[in-house]
2 protein chains.
Amino acid sequence: MSGVNEFESIEYILEKGLSNEDYEKVRQVLYGRPVIPLEISSCTQHIADSQGFEIKAYRIPCPEEQLRSPRLIRVAAFQNQIPLPTTTKIQEMKDAMFKMAKEVIKAAAQMDAKIFCFQEAWIMPFAFCTREKYPWCEYAESAHDGSITKFLQQLAKKYNMVIISPILERDERHSDTIWNTAVVIDNHGDYLGKHRKNHIPRVGDFNESTYYFEGNTGHPVFETEYGKIAVNICYGRHHPLNWLAFALNGAEIVFNPSATVGGLSEPLWGIEARNAAIANTYFTCAINRVGTEVFEHEFTSGNGKPAHKEFGYFYGSSYVAAPNGSRTPGLSRTKNGLLITEIDLNMCRQVKDHWGFQMTQRLEMYAELLRKTIDHDFKPQIVRKHI
Amino acid sequence: MSGVNEFESIEYILEKGLSNEDYEKVRQVLYGRPVIPLEISSCTQHIADSQGFEIKAYRIPCPEEQLRSPRLIRVAAFQNQIPLPTTTKIQEMKDAMFKMAKEVIKAAAQMDAKIFCFQEAWIMPFAFCTREKYPWCEYAESAHDGSITKFLQQLAKKYNMVIISPILERDERHSDTIWNTAVVIDNHGDYLGKHRKNHIPRVGDFNESTYYFEGNTGHPVFETEYGKIAVNICYGRHHPLNWLAFALNGAEIVFNPSATVGGLSEPLWGIEARNAAIANTYFTCAINRVGTEVFEHEFTSGNGKPAHKEFGYFYGSSYVAAPNGSRTPGLSRTKNGLLITEIDLNMCRQVKDHWGFQMTQRLEMYAELLRKTIDHDFKPQIVRKHI
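Presented here is a report on the structure given in the accompanying data block. (Residues numbered from 1 in each chain as written. Chains lettered and ligands numbered in written order. Predicted model: local features only at pLDDT ≥ 70, side-chain atom pairs only at ≥ 80, totals over all residues. Heavy atoms only, no water.)

## Notes on the overall build of chain A
Alright, step 1. On a plain count of helices and strands, chain A comes out with ten helices and 16 strands.
Alright, step 2. Over its C-alpha trace chain A gives a radius of gyration of 21 Å, about what one expects of a compact globule, namely 21 Å for 387 residues.
Alright, step 3. For chain A, the spread of C-alpha atoms along the principal axes amounts to about 60 × 60 × 45 Å.
Alright, step 4. For chain A, buried positions account for 63% of its 387 residues. (Helix = DSSP H or I, 4+ residues; strand = E, 2+ residues; numbered from the N terminus. Rg over C-alpha atoms; globule rule 2.2 N^0.38 Å. Buried < 20%, exposed > 50% of the residue type's maximum accessible area, 1.4 Å probe, protein only.)

The following block contains the structure:
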């Protein structure tokens, strides 16, 4: 899976390979209105260098209004490979992750980030390809008072930062059930709530349905001091209705913490979260992990090929998309990275007023259509010639 | 609006400006699996040259199955600028359009195209920017027996070709009401049915709501000898529910005849119809007109700028997207063009089986959510801290 997969990024190739004039033409069609690089202080850069992650920071410009002050928020997205081999003992892996997280969150705080989001199941290898219950289920822990949440609560409070922590959840109150869950911690360090992944894949090596069910937490929007946020976990980004539901509940930013591999989904990656930002008139932040994870025992992929030990190549490329169709460049396809994006939440309403998708969407018609569609004897609207 | 807008295409810049190796990396991420150019015969090329349109032809590869034979269909999309000034008398404009259409459809037939689609309101200038009722409303005519439909019926029969003809419709039976409508003519030259544009813009110079209402024909899927097809007219591509509805009714190809201008929508163009193909597991074919249309009388754009006579730059860039995430290159941004794409309709079910979006989409949950949402006293699912 390596070789052609291991190039830095599309943006790097375009910027390096094309003349300035050609690059600008391509950029404006592919990326929309320009984003503006933000300065990175030398002490923040020093953390990034010493911890081995790149740091990129942009501002997405937005016009000012008469009555509302700008609601400028810096959002942080972190993509990473697992710092130790998959065979590492669980506690040791968690400790290494905590150590890394501490430094990254410190760097994000120095950049004045107010909302921080990790990738899906960030504390662990994405081991669901193996279908092994042991030891991976031991990574699961309580959403509201597990060790990961407790650890992050301190940092959230210390840095006055909302933190989204996608974990494998163990629900002890309900018979020890496991879920794929995003925990939201507010900027005072308090547990605000959680969202369970709504759509579970059955494709490629994504054998997640062996471990957990479709989420039963609806489409919560978390009202934080820094905006109304929601979380669409990984495969949920393929479902426009999932994105829509967060919009109907009032989301201004929807995070999409993911774990997805080249070959399977890469041509879709730049399309889906960005289309969601446009169609639903909110910001989206798509985060993917990095690198190749190698497991102890071989497993097959249901594709006729021999058993193997490697999950495919997680291609990073995390980015932020705005409701006006513009987006940041992606982070690297190969390196750990922290993406800081300054956005003005006022843009959501501005673009709603401009494009009018909410006004023109005719929800009543679709509510009726969906109601009909789920009937077992639903008759599709087909036009045939009568002969 | 000209200058930077008048470059040929993104694909041309990338292919010319990048090394082969870099181009292939960029191409695979941005365009998915490779499409294969089809041969164009010299007599077809001759028509294109003499009529002043470019012709591009591709095959989107698809694996064979055991039980079903391939269902290979060649689809034709035509993008064009108006051949005469907007001040041309209506009958003269129509005659010029008919002359051009005759040659283009002949070329498409030589390429063995079985379904042909024009751009939105193809017979006329996109004059809705002006808000003038005279003379533009005179372009409207009956869907089932107007002059445009009658003209195309002959060609459909002659060439054994399904033709989709987006027109301004005059509904005489219902008080002379005007609609934005796509007429579907089957390959025997019979009128099969029509679809009226579901979502009408109120943005930029798209003052279409001055002329016609939101469509009342639902989401028909036309069962033709060459596949189940539907039409999502222009602004409807911004609405994921509109795309979804055609999928629920069984569409295999959804055409998106459009008229949209640079500055307003270009960064969205490559995203929306392609996202629809992925999310709904069907083929989409997005068609946009070309060139700048200059009107006799000045009009304003509601943006504080002086009155002017030019609609913005229609940027062409028509393309076909496949359910597996790949797409053809776009046609030119500046020239009339005919895009021929050979697809295997079997790919729809193959990708459904692979990705499983239909299985995992949880329609019941969303039917219930939409039902709740349309209530006037709907309470969004908001999570707040209880203090």
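## A word on the sheet that holds strand β8 (residues 221–224) of chain A
Alright, step 1. The strand order β14(A)-β11(A)-β10(A)-β9(A)-β8(A)-β16(B) describes an open sheet built from six strands, whose pairing is mixed. A strand with exactly one partner marks an edge of an open sheet, and here the two such strands are β14 (319–321) of chain A together with β16 (382–383) of chain B.
Alright, step 2. Direction of pairing for strand β10 (residues 253–257) of chain A relative to strand β11 (residues 283–287) of chain A: parallel, over a ladder of five bridges. Along β11(A), the bridge assignment pairs V254(A) with T284(A).
Alright, step 3. The sheet contacts of helix α6 (residues 240–248) of chain A involve β8, β9 (227–231), β10 and β11 of chain A, and relative to β10(A) the element is tilted by about 145°. (Pairing = 2+ DSSP bridges. Contact = heavy atoms within 4.5 Å. Axes fitted to C-alpha atoms, helices over the stretch in contact; angles between N-to-C directions.)

## Re the nonpolar core
Alright, step 1. F116(A), L338(A), F116(B) and L338(B) are the most contacted members of the largest nonpolar core, which totals 239 residues.
Alright, step 2. The leading source of residues in this core is helix α4 (residues 90–110) of chain A, at eleven residues.
Alright, step 3. Each residue touching L338(B), except ones within four places of it in the same chain, is listed here: F53(B), E54(B), I55(B), K56(B), A76(B), A77(B), F78(B), V104(B), A107(B), A108(B), F116(B) and L331(B).
Alright, step 4. Residues L14(A), V29(A), L18(B) and V26(B) belong to the second largest nonpolar core, which totals 20 residues. (Core = buried A, V, L, I, M, F, W, Y, C linked by side-chain atoms within 4.5 Å.)

## Description of the packing of α6(A) against helix α7 (residues 266–280) of chain A
Residues and elements named next belong to chain A.
Alright, step 1. The N-to-C vectors of α6 and α7 enclose an angle of 40°; their axes lie 10 Å apart at closest approach. By the angle between their directions, the pair α6 and α7 is classed as oblique. In this structure, α6 meets α7 at a crossing whose hand is right-handed. Facing α6, whose interface residues are W243, L244 and A247, α7 presents E272, A273, A276 and N280. (Parallel < 35°, antiparallel > 145°, perpendicular 65-115°, else oblique. Left-handed = near helix turned anticlockwise from the far one by under 90°.)

## A short note on the relation of the copies chain A and chain B
Alright, step 1. For the pair chain A and chain B, the superposition axis carries a translation of 0.0 Å, the fit reaches an RMSD of 0.0 Å, and the rotation angle comes to 180°. Such a turn and shift between the copies fits a two-fold axis.
Alright, step 2. Taken as a fraction of all interface residues of chain A, those also at the interface in chain B reach 100%, which identifies the copy contact as same-surface. (Least-squares fit on C-alpha atoms with pLDDT ≥ 70 in both.)

## Regarding helix α4 (residues 90–110) of chain B
Residues and elements named next belong to chain B.
Alright, step 1. Taking 1.5 Å of rise per residue, 21 residues should cover 30 Å, and α4 covers 30 Å from first to last C-alpha, within 8% of that figure.
Alright, step 2. Among the residues of α4, I90, M93, K94, A96, M97, F98, M100, A101, V104, I105, A107 and A108 are the ones counted as buried.
Alright, step 3. The inward-facing, buried residues of α4 abut α3 (42–51), β3 (72–79), β4 (115–117), α5 (147–159), β5 (162–171) and β15 (337–344).
Alright, step 4. Looking one or two places after α4, you find D112, whose phi comes out positive at around 70°. (Expected span 1.5 Å × (residues − 1).)

## Some remarks on the sheet that holds strand β1 (residues 36–37) of chain A
Residues and elements named next belong to chain A.
Alright, step 1. Across the sheet, which stays open at both edges, the eight strands sit in the order β1-β2-β15-β3-β4-β5-β6-β7 with mixed pairing between neighbours. Two strands in the sheet have a free side with no partner beyond their single neighbour: β1 and β7 (191–196).
Alright, step 2. As paired elements, β1 and strand β2 (residues 54–59) share two bridges and run antiparallel to each other. Each residue of the ladder has a partner; that of I36, found in β2, is R59.
Alright, step 3. Along the sheet, α4 makes contact with β3 (72–79), β4 (115–117), β5 (162–171) and β15 (337–344), crossing β15 at roughly 35°.

## Brief notes about the pattern of salt bridges
Residue and element names in this part refer to chain A.
Alright, step 1. The full count for this structure, using the stated rule, is 44 salt bridges over all chains.
Alright, step 2. One salt bridge connects E169 with R196, and the closest N-O pair in it is separated by 2.9 Å. Of this pair, E169 sits in strand β5 while R196 sits in strand β7, and the two are 27 residues apart along the sequence. The burial state of E169 is the same as that of R196; both residues are buried.
Alright, step 3. It is possible to trace a salt-bridge network through shared partners that takes in E169, D171, K194 and R196. (Salt bridge = Lys/Arg side-chain N within 4 Å of Asp/Glu carboxyl O.)

## Observations concerning the environment of L18(A)
Alright, step 1. Among the structural elements, L18(A) can be located in the loop between α1 (10–17) and α2 (20–31).
Alright, step 2. The buried category is assigned to L18(A), whose relative accessible area is 6%.

## A closer look at the packing of aromatic side chains
Alright, step 1. Under the definition given, this model contains 41 aromatic pairs over all chains.
Alright, step 2. Ring geometry for W136(B) and Y139(B): centres 6.4 Å apart, planes at 5°, overall stacked.
Alright, step 3. Residues W355(B) and F357(B) carry aromatic rings whose centres are separated by 5.3 Å and whose planes lie at 35° to one another, so their mutual orientation is tilted. For the residue pair W355(B) and F357(B), the accessibility class agrees, reading buried in each case.
Alright, step 4. A network of ring pairs unites the aromatic residues F126(A), F128(A), F206(A), Y211(A), Y212(A), F311(A) and F314(A) as a single cluster.
Alright, step 5. In this arrangement the basic side chain of R333(A) is found over the ring face of F7(A), its NZ or CZ atom lying 4.0 Å from the centre.
Alright, step 6. When the ring centre of Y319(B) is taken as reference, the NZ or CZ atom of R327(B) above it lies at 4.0 Å. (Phe/Tyr/Trp six-rings, centres within 6.5 Å; stacked < 30°, edge-to-face > 60°. Lys NZ or Arg CZ within 6 Å of the ring centre and 35° of its normal.)

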